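# Working through the structure, step by step
Chain by chain, the residues:
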Amino acid sequence: MENNKVPVFTFSIIAIILGVTLYKQFDFETLKFENPILALLYLIVFVFSVYVLAKNFRNRSRK
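Let us look at the structure shown here. Predicted model, so just to flag it, every value in this text is computed and none were measured.

Below, the discussion takes up the environment of proline 36. With respect to the secondary-structure elements, proline 36 resides in helix H2 (residues 36–62). Proline 36 gets classed as exposed once you look at its relative accessible area, which sits at 51%.

Below, the structure is given as C-alpha cells:
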C-alpha cells in the first residue's frame, strides 16, 4: 500500500505544474502557443499523468 502513494503524489505534482505551464504559454488573443513543439510535449505528459491518476482513483473506488 505504501508504494501506491508515491506515484499518486508525484503524478499529481506533475499534472499541476504542467497544467499551469500550458495555461501560461497559451496566448488567448491569437489562440496559439508560444512554443508549439514544447507545448505538445507538455500536453502529452500532462494527459499521461492525468490518465494514471484517474486509473488509480478508479482502482481504489472498486476495492
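Structurally, alanine 39 can be placed in helix H2. Owing to a relative accessible area of 3%, alanine 39 belongs among the buried residues under this scheme. Alanine 39 sits 21 residues away from leucine 18 along the chain, and the two C-alpha atoms are 9.4 Å apart. The residues touching alanine 39, leaving out its near neighbours within four places in the chain, are Leu22, Gln25 and Phe33.

What counts as what
What you see as residue numbers is a count from 1 along each chain, following the sequence as written. Totals for whole chains, interfaces and linings use all residues, but because this is a predicted model, local features are given only for residues with pLDDT of at least 70 and pairs of side-chain atoms are given and counted only at 80 or more. Excluded from the side-chain calculations are hydrogens and water; all other atoms, namely the structure's heavy atoms, are used. Only DSSP runs of H or I covering at least 4 residues are called helices, and only runs of E covering at least 2 are called strands; the numbering of each starts at the N terminus. We call a residue buried when its accessible area falls under 20% of the maximum for its residue type, exposed when it is over 50%, and partly exposed in between, using a 1.4 Å probe and counting protein chains only. Two residues qualify as a contact provided that any one of their heavy atoms is within 4.5 Å of a heavy atom in the partner residue.

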